[in-house]
Amino acid sequence: MNRILLPFLAFCAVAPSLLAQDSIQRASIERLERTLSADSLEGRGSLTPGNDKAARIIASEFASAGLKPIPGADDFFQKLPVTVVAPGLRKIAVNGLPIGEGDVFVMSNRDSLSSNQLGEFTVAYIAPGMSMRQKIGAINKQEKNTLLLIARDQKKSFDRYKGFFGGRSIDNEPQTGPTVVAVLMDSVPVTSYDIKITNRVETRFLQNIAGMIPGKRANEIVLFSAHYDHLGIITPVDGDSIANGADDDASGTTAVMTLARYFAAKGTPERTLMFVAFAAEEIGGFGSQYFSKQLKPESIVAMCNIEMIGMPSKFGPNSAWMTGFDRSDFGKIVQEASKGSGFSLYPDPYPDQNLFFRSDNARLAKLGVPAHSVSSSQIDTDKYYHSVKDEIETLDLDHMTSVIRGLAAGMAPIISGEKTPTRITDAVRK
Ligand SMILES: [Zn+2]
């Protein structure tokens, strides 16, 4: 065997992590990010062709990285049923007066409902100055059908809610829950009403993309996740109506695909690694909700949910923060292990925003899994958030590369079995 070859083989034997580290490259990160945030995917809205395209791209990346389907699956597509409700008939009269189309919206996932019996609907009222959000939130919890009169003074908020609830809605619990009929009308004693509504209700399927690297310990799973859906087509700005979601969350999805390739190149890990791109985070988190019911929570040692790492955090480039930092020692383990990697992890600097409960980690955290989101978003000042301007040109790909490298280093002691994060015991809003 020639001499030149010998030192090279020694290099391979000694430093597989350096070789694997090479797969975390700015160029490949840019390729994945550009692919997912391209106009051709039309903002990856749930149940749209662009979303399906994204799903196929992620699955083919998992396949080419050498991942396996998760237990019980034949491929990387984890399908979940949802109910799509599109509004039909809205024929409403109060005290014998027919209500115009523009002055009514309905929240319901029933295929049809009619009533003119007082008592079958509770009558409620939102007076001028009252919070629509609070009142509607409270009504939805009541589980009773409600005829909700909303003061004309609240027309602006009324129109906003009508825009949101008046259209197609996606639900994962068909034909359950109260029906709310909201009418723009100043307060009057309701002596009679006649309500006739229909909806077009159909079952459709969303899909999580899930793959794994089997480890020596099959029942100890370390999970990396992000969500691949975004808002799709939204109200145009300067003629652009595509919400590309380059940061939200193509950056996290790119990180998941990059880490999958990185760890797959490192051989069999001690613990089993799972990589999941969730569906439907933007419309209710149906993907992570469904996923959390498919696995035994006690088998998940840690969940690192990556959400918006495209731009430097308030602590500067090459840094990120973790939600729910004080709820387990997961963050401290990552901080310690990523020392010297050029990456720094901090506790969530926006505790008032309750971000721990607002992303895909929340469902598994409620089941006791040390499940946290890692982000570098400056959520309080980010002018691109949920807009058509969230494009790849706004991202700092060097920063993003260093965050992904930092997470690869930070997660190593958990993956090797050396460290085990403490379980979450108090996943309740403080
Ligand atoms: Zn997001």
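Described below are features of the structure shown in this document.

Criteria and cut-off values
- Residues numbered from 1 in each chain as written.
- Predicted model: local features only at pLDDT ≥ 70, side-chain atom pairs only at ≥ 80, totals over all residues.
- Heavy atoms only, no water.
- Helix = DSSP H or I, 4+ residues; strand = E, 2+ residues; numbered from the N terminus.
- Rg over C-alpha atoms; globule rule 2.2 N^0.38 Å.
- Buried < 20%, exposed > 50% of the residue type's maximum accessible area, 1.4 Å probe, protein only.
- Contact = heavy atoms within 4.5 Å.
- Areas by Shrake-Rupley, 256 points an atom, 1.4 Å probe, with all protein chains shown as cover.
- Lys, Arg positive; Asp, Glu negative; His and termini not counted.
- Charge placed at Lys NZ, Arg CZ, Asp CG, Glu CD.
- Core = buried A, V, L, I, M, F, W, Y, C linked by side-chain atoms within 4.5 Å.
- Arc of directions from axis to C-beta.

1. Thoughts on the overall build of the protein
The secondary structure content of the protein amounts to 12 helices and 17 strands. Rg of the C-alpha trace for the protein: 24 Å, near the compact-globule value of 22 Å for 430 residues, within the 12% margin. Out of the 430 residues belonging to the protein, those deemed buried represent 51%. Considering only contacts within the protein whose residues lie at least 6 apart along the sequence, 86% involve residues at least 24 apart. For the protein, the exposed area adds up to about 19,100 Å²; of that, 54% sits on carbon and sulfur atoms. Side chains of the protein give 46 positive and 48 negative charges; the mean places of these two sets differ by 3 Å.

2. Focus on the nonpolar core
Core analysis: the biggest nonpolar cluster contains 66 residues, and Phe 62, Ile 209, Phe 224, Leu 259, Phe 263, Phe 275 and Met 411 have the highest contact counts within it. By residue number, the principal contributor to this core is helix α7 (residues 246-264), which donates 9 residues. When residues no more than four places from it in sequence are discounted, the contact partners of Phe 62 are Leu 67, Phe 76, Ile 209, Ala 210, Gly 211, Val 256, Met 257, Ala 260 and Phe 275. Among the nonpolar cores identified, the runner-up in size contains 19 residues, and Leu 223, Val 276, Met 303 and Leu 364 belong to it.

3. Section: helix α3 (residues 26-36)
For α3, the complete set of buried residues consists of Ile 29, Leu 32, Glu 33 and Leu 36. Seen along its axis, α3 keeps its buried residues to an arc of 95°; they face one direction. Packing partners of the buried residues in α3 comprise α4 (49-65), α7 and α11 (397-410).

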